[in-house]
Amino acid sequence: VQAQIGVYGLGVMGGNLARNLAHHGNSVAVFNRTPTRTRHLITAHGSEGTFVPAETIEDFLAALKRPRTVIIMVKAGAATDAVIKELADAMEPGDIIVDGGNSYFKDTIRREKEARAQGLHFVGMGISGGEEGALNGPSIMPGGTEDSWKVLEPILKSIAAVAEGEPCVTHIGENGAGHFVKMVHNGIEYADMQLIAESYDLLRRGMGMTPSQIADVFAQWNLGELNSYLIEITSDVLRQVDARTGLPFVDVVLDEAGMKGTGTWTVQTALDLAIPVTSISESVFARGLSGQSAQRAEARKINLPGPDFSIAQQNEGTFVEEVRKALYASKIVAYAQGFDEIAAGAQQYGWNIDLGAVARIWRGGCIIRAEFLDRISDAYASGRQTTSLLFDSSFRTVIGKAQDSWRAVISLATQGGIPIPGFTSSLAYYDGLRSPRLPTSLIQGQRDLFGAHTYRKVGVPGVFHTLWADTDRQEIQQN
Ligand code: NBP
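Residues numbered from 1 in each chain as written. Predicted model: local features only at pLDDT ≥ 70, side-chain atom pairs only at ≥ 80, totals over all residues. Heavy atoms only, no water.

- Under an unreviewed UniProt entry, the protein has the name 6-phosphogluconate dehydrogenase, decarboxylating and belongs to Bifidobacterium fermentum.
- Looking at the Function (unreviewed entry) heading of the UniProt record, one finds this comment for the protein: "Catalyzes the oxidative decarboxylation of 6-phosphogluconate to ribulose 5-phosphate and CO(2), with concomitant reduction of NADP to NADPH."
- Entered under Catalytic activity (unreviewed entry) in the UniProt record, the comment concerning the protein runs "6-phospho-D-gluconate + NADP(+) = D-ribulose 5-phosphate + CO2 + NADPH". (UniProt positions renumbered as here; feature names shortened; annotations may be inferred.)

See the structure below:
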């Protein structure tokens with residue numbers, strides 16, 4: 001058989017993706033650097049579909065029909081570069097290399113350019129949903145050329161998750177666009193998880209509720225507008241009991257959060273683009289703080305002073321509902337910031353990204369899948385707003401109704417000494433955005449005084465500088 005598609009790299013993700021392809025009637029050539037993995041896949045799952053195993057690159061490429069299309073699923077970075085070179089040296093013009101790993105979008109832009117110079121198509125493709133998604137239907141974010149999308153479209157549509165009848169895959173844009181959007185997806189995921197964790201902390205430490213009571217709260221929330229995969233699994237995790245000690249799982253796990261770098265990339269990129277993604281950056285820094293084990297130990301030892309204030313006197317029923325509203329409002333801000341970053345990236349790198357389509361393909365398969373992405377996709381599709389999601393009338397209404405609770409929860413948490421950087425920074429962003437005047441006029445004055453950095457004036461064209469050192473402090477127009 002000539003296989004329709006090849007998968008290079010049969011680790012957790014690659015193996016599952018190859019099986020998913022085979023399950024949907026695609027014939028799949030499979031290759032792995034270490035051949036035992038290939039043999040294992042065929043022994044364990046060979047009967048699930050049409051696989052063509054290969055143990056050399058020559059056999060692997062010979063097994064593919066033209067244009068030969070290979071999805072690489074290997075470790076991001078140097079391994080991916082090595083595999084691209086190995087394939088590119090053996091491929092012919094018109095062939096398609098797809099990188100399904102979590103590559104940095106700037107690497108993808110470079111690789112696409114290099115592959116194009118050799119007459120090859122290179123597609124950087126974000127895949128979300130972890131190993132379960134790879135097997136049963138991920139959300140897929142391919143970049144690359146329109147021509148390669150035409151070849152990939154039917155294959156990717158056959159394996160993607162389905163949300164309301166639509167496959168969760170769309171051509172995001174040229175070269176690095178797919179990996180850029182996947183990166184921001186992960187940044188939003190960090191923020192969403194942080195906001196959920198803060199809600200838990202408020203109910204746990206603030207109200208003194210037990211993990212199993214809080215699991216019930218999340219299960220309840222999951223029935224409403226917060227309905228999402230992350231809220232659902234939060235309930236699962238909170239119900240889990242440690243077999244050895246009988247204690248709640250959340251109490252026996254070390255509270256130092258790991259990260260693999262995509263959240264950091266999201267924030268670094270946002271800084272380069274000067275897009276405020278404060279809800280996302282706070283969530284990356286919150287994981288960073290959690291990992292400062294030596295400093296945290298010393299802070300405990302010397303007993304850094306905290307407030308003498310108890311949130312627990314609040315009425316439990318109303319407080320839980322206030323936290324829910326604060327969570328939802330903060331979440332809308334985090335998503336608005338993420339979509340702003342995508343829009344800014346599209347502008348900077350010349351991609352034509354349909355933000356509504358991005359929201360639609362995140363409704364299934366991926367970690368941030370949520371009912372509320374429908375509302376985001378409606379907001380972009382309606383054309384009612386083109387700048388911030390926060391200006392969409394339905395989100396404006398939600399936040400308008402939630403804001404008193406949002407503010408109250410933040411005041412109580414602050415008085416009670418419970419850190420909620422995600423909630424707080426989201427509200428500060430919201431208030432910053434809606435302020436008619438910001439104190440940045442003062443900053444402009446400071447900059448002009450110490451560094452002659454100049455300033456512009458309200459309603460007056462031109463650029464000005466004040467001669468601050470002179471007694472008469474004359475203002476001069478610079479152009
Ligand atoms: P695994 O660690 O399970 O597998 C790594 C694969 O990379 C193996 O096939 C390994 O081959 C191959 N490889 C390495 Br490492 N170095 C190589 C080299 N120099 N040349 C050829 N092959 C090499 O990783 P995974 O979890 O399947 O992740 C694969 C990619 O998918 C990564 O970029 C990851 O970020 C991304 N991703 C992962 C998830 C997830 O939830 N795990 C989700 C979305 C995306 P070997 O068998 O010979 O060592």
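Looking at the overall build of the protein
Piece 1. Along its length, the protein carries 20 helices and twelve strands.
Piece 2. Scaling as 2.2 N^0.38, a compact globule of 479 residues should have a C-alpha radius of gyration of about 23 Å, and the protein matches this with 26 Å.
Piece 3. Overall, the protein is about 80 × 70 × 45 Å in size when its C-alpha atoms are taken along their principal axes.
Piece 4. Split into buried and exposed, the 479 residues of the protein put 49% on the buried side.
Piece 5. For the protein, long-range pairs separated by at least 24 residues make up 66% of all intrachain contacts whose partners lie at least 6 apart in sequence.
Piece 6. Accessible surface, the protein as shown: approximately 22300 Å² in total, 52% of it carbon and sulfur.
Piece 7. Computed over 43 positive and 53 negative side-chain charges, the separation of the two mean positions in the protein equals 1 Å. (Helix = DSSP H or I, 4+ residues; strand = E, 2+ residues; numbered from the N terminus. Rg over C-alpha atoms; globule rule 2.2 N^0.38 Å. Buried < 20%, exposed > 50% of the residue type's maximum accessible area, 1.4 Å probe, protein only. Contact = heavy atoms within 4.5 Å. Areas by Shrake-Rupley, 256 points an atom, 1.4 Å probe, with all protein chains shown as cover. Lys, Arg positive; Asp, Glu negative; His and termini not counted. Charge placed at Lys NZ, Arg CZ, Asp CG, Glu CD.)

A word on the confidence of the model for the protein
Piece 1. Chain-level statistics for the protein give a pLDDT mean of 96 and a share of 99% at 70 or above.
Piece 2. As scored by the predictor, the complex reaches a pTM of 0.96 and an ipTM of 0.97. (pLDDT = per-residue confidence, 0-100.)

Some details on the side chain of His465
Piece 1. With respect to the helices and strands, the residue His465 is situated in strand S11 (residues 460-466).
Piece 2. The buried category is assigned to His465, whose relative accessible area is 13%.
Piece 3. There is a polar contact of 2.7 Å between the side chain of His465 and the side chain of Asp448.
Piece 4. The residues touching His465, leaving out its near neighbours within four places in the chain, are Asp448, Ala452, Thr454, Tyr455, Gln474, Glu475, Ile476 and Gln478. (Polar contact = N/O pair within 3.5 Å; in protein donor to acceptor, adjacent residues only side chain to side chain.)

Things to note about the site of the ligand
Piece 1. Taken together, 20 residues surround the ligand, and among them Met13, Asn32, Arg33, Thr34 and Arg37 come closest.
Piece 2. Within the contact set of the ligand, an oxygen atom lies 3.0 Å away from a backbone nitrogen or oxygen of Val12.
Piece 3. Here an oxygen atom of the ligand and a side-chain polar atom of Thr34 are 2.4 Å apart.
Piece 4. Bound to the protein, the ligand loses 75% of the 920 Å² it would expose on its own.
Piece 5. Every element with two or more residues in the shell around the ligand is listed here: helix H1 (12-23) and helix H4 (78-90). (Near = heavy atom within 4 Å.)

Let's talk about unusual backbone geometry
Piece 1. In this model, Arg66 is joined to Pro67 through a cis peptide bond whose omega is -10°.
Piece 2. Along the polypeptide, Pro67 turns up in the loop between helix H3 (57-62) and strand S4 (69-72).
Piece 3. The phi torsion at Ala274 lies on the positive side, around 55°, for a residue other than glycine.
Piece 4. As for its placement among the helices and strands, Ala274 is situated in the loop between helix H12 (262-273) and helix H13 (278-290).
Piece 5. Positive phi outside glycine occurs at Asn303, with the angle close to 55°.
Piece 6. Relative to the elements of secondary structure, Asn303 occurs in the loop between helix H14 (293-302) and helix H15 (316-349).

Thoughts on the sheet that holds strand S6 (residues 121-128)
Piece 1. Strand order across the open sheet formed by seven strands is S3-S2-S1-S4-S5-S6-S7, with mixed pairing between neighbours. Across the chains shown, the open sheet's two edge strands, defined by having one partner strand only, are strand S3 (51-53) and strand S7 (139-142). Strand-to-strand, the axes of this sheet are offset by a mean angle of 25°, without reference to chain direction.
Piece 2. Pairing analysis gives four bridges linking S6 to S7, with the strands arranged antiparallel. Of the residues in S7, the one forming a bridge with Ser128 is Ser139. (Pairing = 2+ DSSP bridges. Axes fitted to C-alpha atoms, helices over the stretch in contact; angles between N-to-C directions.)

Here's the deal with the UniProt feature "active site" (unreviewed entry) in the protein
Piece 1. Under the UniProt annotation, the feature "active site" (unreviewed entry) is placed at Lys182 and Glu189.
Piece 2. With respect to the helices and strands, Lys182 occurs in helix H8 (residues 177-206).
Piece 3. Relative accessible area serves as the criterion here: at 5%, Lys182 is assigned to the buried category.
Piece 4. In contact with Lys182, other than residues within four places in its own chain, are Asn102, Gly126, Ile127, Ser128 and Met141.
Piece 5. For Lys182, the side chain forms a polar contact with the side chain of Asn102, separated by 2.8 Å.
Piece 6. Turning to its location among the elements, Glu189 is positioned in helix H8.
Piece 7. Other than its neighbours up to four places away in sequence, Glu189 contacts Leu230, Ile367 and Ile368.

A few points about helix H5 (residues 105-117)
Piece 1. A rise of 1.5 Å per residue sets the reference length of H5, with its 13 residues, at 18 Å; its end C-alpha atoms lie 19 Å apart and thus fit the reference within 8%.
Piece 2. Phe105, Thr108, Arg111, Glu112 and Ala115 are the residues of H5 that are buried. Seen end-on, H5 carries its buried residues on one side only, within an arc spanning 110°. The outward face of H5, more than 90 degrees from its buried face, is lined by the exposed residues Lys113 and Ala117. (Expected span 1.5 Å × (residues − 1). Arc of directions from axis to C-beta.)

Describing the state of the cysteines
Note on terminology: a disulfide is the covalent bond linking the sulfur atoms of two cysteines.
Piece 1. Inspection of every chain in the model, using the stated rule, returns zero disulfides.
Piece 2. Not part of a disulfide, Cys366 finds its nearest cysteine sulfur in Cys168, a span of 7.2 Å.
Piece 3. Residue classification places Cys366 among the buried residues on the basis of a relative accessible area of 0%. (Disulfide = S-S within 2.5 Å.)

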